[in-house]
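# Descriptive structure summary
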Amino acid sequence: MQIKNIKLHSVSKQLLKVVFAFYFSITIIITLIHFTIEYYHTKENINNELKMVSQTFMQSIQGALWNFDMIQVKSITSGALQLPSVLSIKIFDKNTNQTIYNIQKPNFDLSSQGVFSYSQELYHTTLKNETVYVGTIQYFSNHNIVIERVKLSFFIILFNSILKSLILTILFIWAFNKYLTKPLEKITNDIKNIDLHHLKNHKTISVDTTKKDELTFLSIAFNDMLKNFDEKLNIIQETNKHLIESEKMAALGGMVAGISHEINTPVGIALTGITYLQEQTINIKKLYEEENMSEEDFLHYLDDANTLNNSIQINLQKAASLINSFKKVAVDQSSNEERKINLKEYIEEIILSLHSKIKKTNISIVIDIEDNILLTTKPGAISQIITNLIANSLTHGFENQQSGEIKITAKLEENNLHLRYQDDGKGISKDVEHKIFNPFFTTNRANGGSGLGMSIVFNLVTTVLSGEIDLQSELHKGIIFDIIIPIQKG
Ligand SMILES: Nc1ncnc2c1ncn2[C@@H]1O[C@H](COP(=O)(O)OP(=O)(O)OP(=O)(O)O)[C@@H](O)[C@H]1O
Ligand SMILES: [Mg+2]
């Protein structure tokens, strides 16, 4: 997963979103509550105003009504109507409860919404000190008056909320940026720039030790982990080197055992021959000294000596050639130096050095390479590759097979050598195919397989010989390795 391919959902942005969604909802609710309280409070005030107006004019209206002086009533109520909060005044008859007087500001509609009123019963006290009910007066106002009054407060509340939110937003964004986004970005960049292969020469995450926050601890913990990782990686690399080295030594050891076995036969034959020749020489010498030697004895001795000589020479030559090829292959395997070789002869020498292993089986090895391919290359690598491939064919490919064929072909193609190794053994599954070059991958751990063989082959082809290796395989249909190596001809 690569960071650059992912659309980043910054933690600080998400936090800001959550915090502000919450903050704004709360602010809106509080502002609405504030508005409502302000509205009802102002309405209450206007109601109190109506009450005060009513009480102020009560005496004079009571008197005017008692005297049926409607001109006086009109004059008083017109005065009261001048007050901004009073929109209409009504007076009801004492007996019928019918409206007997009504005065209102233009444009006021009593049936419209939001109208509220204050009513007061009016009484007249007679000379005999009797109290007589003369009617009811009602003062009207409406919510437009309330809204007109609270407009300014509303505006102040709104402005206050917006200003607070704005300052808070800016502060939050600044703080998140400074304390979260920027340090996180820096840590991410530092992590992206870490080269796991060169941890030693590379700085890890830089840590500001003056700060003691979670991010500092995170960086320190990450750096500790990297250090740990680096140490473990070194151990693994060391172990890997040792394993590869011991694999090489084991291969050489195997070869030594095979070669000594091979040399044993011709040297044995030569030794028997020479012992026999010595006995014959002692015998003939004795006959000669006793003057008992016939011409026939002598001719017989010469004949034997000749045959034995021939056999000893052939066998010693065979041993010498075995030692020679062993020497070349062994030296190449351990040195990895460049040298000019004839590819066909060299591969035949490798096969010869593996002869003791191969001859126990019914596996034939076909080499289809032109005689005249001369290359300057690192023969040690080629010998190790072929040795490992043959060892794998014998242990895995022909595991339960009595007979089979290994074919090694090579062709020159422009500046490359195309070496093809194939066996007609049991092949491998797709699953094994994907892992075959991984170090330590083996299906044969139970029998001591280390799983290094193919990873060594891969390394030799790609790094030592700067080439490429590819494989084709199907279960039960054998395996083909195509190795392409750039070459200097001749
Ligand atoms: N010619 C082949 N035919 C079938 N399977 C093979 C062949 N060559 C390799 N494999 C499979 O690939 C695996 C890995 O091979 P590799 O040489 O890396 O390890 P190994 O042979 O198991 O162990 P080691 O080589 O260390 O003894 C083997 O375990 C085997 O399953
Ligand atoms: Mg192997």
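Residues numbered from 1 in each chain as written. Chains lettered and ligands numbered in written order. Predicted model: local features only at pLDDT ≥ 70, side-chain atom pairs only at ≥ 80, totals over all residues.

## Considerations on the site of ligand 1
Taken together, the neighbourhood of ligand 1 is formed by 23 residues, with Asn392, Thr442, Gly449, Gly453 and Met454 sitting nearest. Among the elements that make up the shell around ligand 1, the one with the highest residue count is helix 8 (residues 379-397) (5 residues). Its residues assigned to classes, the shell around ligand 1 shows 7 nonpolar, 14 polar and 2 charged. (Near = placed C-beta within 6 Å. Helix = DSSP H or I, 4+ residues; strand = E, 2+ residues; numbered from the N terminus. Nonpolar A, V, L, I, M, F, W, Y, C, P; charged D, E, K, R; others polar.)

## Things to note about the sheet that holds strand 1 (residues 88-93)
Taken together, 4 strands build an open sheet; the order of strands is 2-1-4-3 and the sheet is antiparallel. Lying at the two open borders of the sheet, with one neighbouring strand each, are strand 2 (99-104) and strand 3 (115-125). Across the sheet, the axes of successive neighbouring strands diverge by a mean angle of 15 degrees, strand direction being ignored. Helix-sheet contacts for helix 1 (residues 11-66) involve strand 3 and strand 4 (131-142), and the interaxial angle to strand 3 is about 35 degrees. (Pairing = 2+ DSSP bridges. Axes fitted to C-alpha atoms, helices over the stretch in contact; angles between N-to-C directions. Contact = placed C-beta atoms within 7 Å.)

## Points about helix 6 (residues 343-353)
Buried within helix 6 we find Leu343, Tyr346, Ile347, Glu349, Ile350 and Ser353. All buried residues of helix 6 fall inside an arc of 155 degrees around its axis, so they share one side. (Buried ≥ 20, exposed ≤ 12 C-beta atoms within 10 Å, placed from the backbone. Arc of directions from axis to C-beta.)

## Focus on the domain arrangement of the protein chain
Looking at the protein chain, the domain boundaries give domain 1 (9-169), domain 2 (196-329) and domain 3 (336-490). Just the C-alpha atoms count here: the centres of domain 1 and domain 2 sit 113 Å apart. (Domains from an automatic or database assignment.)

## Notes on the packing of helix 4 (residues 214-289) against helix 5 (residues 295-335)
Closest axis-to-axis distance for the helix 4/helix 5 pair is 9 Å, and the angle between their directions is 165 degrees. One element, helix 4, and the other, helix 5, form an angle in the roughly antiparallel class. Along this stretch, helix 4 crosses helix 5, giving a crossing that reads as left-handed. (Parallel < 35°, antiparallel > 145°, perpendicular 65-115°, else oblique. Left-handed = near helix turned anticlockwise from the far one by under 90°.)

## Quick notes on the sheet that holds strand 9 (residues 416-423)
Taking strand neighbours across the sheet as the criterion, the 5 strands line up as 6-8-9-11-10 in an open arrangement whose pairing is mixed. Two strands in the sheet have a free side with no partner beyond their single neighbour: strand 6 (362-369) and strand 10 (468-473). Shown here is a sheet whose adjacent strand axes are inclined to one another by a mean of 15 degrees, direction ignored. Across 8 bridges, the pairing between strand 6 and strand 8 (residues 403-413) is parallel. If you follow isoleucine 369 over to strand 8, its bridge partner there is alanine 410. Packing of helix 6 onto the sheet brings it into contact with strand 6 and strand 8, and relative to strand 6 it is tilted by some 165 degrees.

## What to know about helix 4
Taking 1.5 Å per residue as the helical rise, helix 4 with its 76 residues ought to reach 112 Å, and the 108 Å between its terminal C-alpha atoms agrees with that figure. Its axis deflected by about 30 degrees at asparagine 264, helix 4 carries its strongest bend there, up to four residues before the proline proline 266. Listed as buried for helix 4 are Ser219, Ala251, Met255, Gly258, Ile259, Glu262, Pro266, Ala270 and Gly273. Contacts made by the buried residues of helix 4 are with helix 3 (143-192), helix 5, helix 6, helix 7 (355-358) and helix 8. In the segment just after helix 4, glutamate 291 is the residue with positive phi, at about 55 degrees. (Expected span 1.5 Å × (residues − 1). Bend = angle between axes of the 7 residues up to and from the residue.)

## Re the nonpolar core
Within the largest apolar cluster, 45 residues are counted, with the highest numbers of intra-cluster contacts made by Leu343, Ile385, Ile386, Leu389, Val457, Leu460 and Val461. Broken down by secondary-structure element, the contributors of at least two residues to this core are helix 4, helix 5, helix 6, helix 8, strand 8, strand 9, helix 10 (453-464) and strand 11 (479-486). Taken domain by domain, the makeup of this core includes at least three residues from each of domain 2 (196-329) and domain 3 (336-490). Contact partners of valine 457, with chain neighbours within four places excluded, come to Ile385, Asn388, Leu389 and Ile469. Ile46, Phe57, Ala64 and Val134 belong to the second largest nonpolar core, which has 20 residues in total. (Core = buried A, V, L, I, M, F, W, Y, C linked by C-beta atoms within 7 Å.)

## As for the confidence of the model for the protein chain
Note that predicted coordinates carrying low pLDDT should not be read in detail. Residues of the protein chain with pLDDT of at least 70 account for 96%, and the chain-wide mean is 87. Every residue in residues 1-6 is under pLDDT 50, and counting partners more than four places away or in other chains gives 1 contact. (pLDDT = per-residue confidence, 0-100.)

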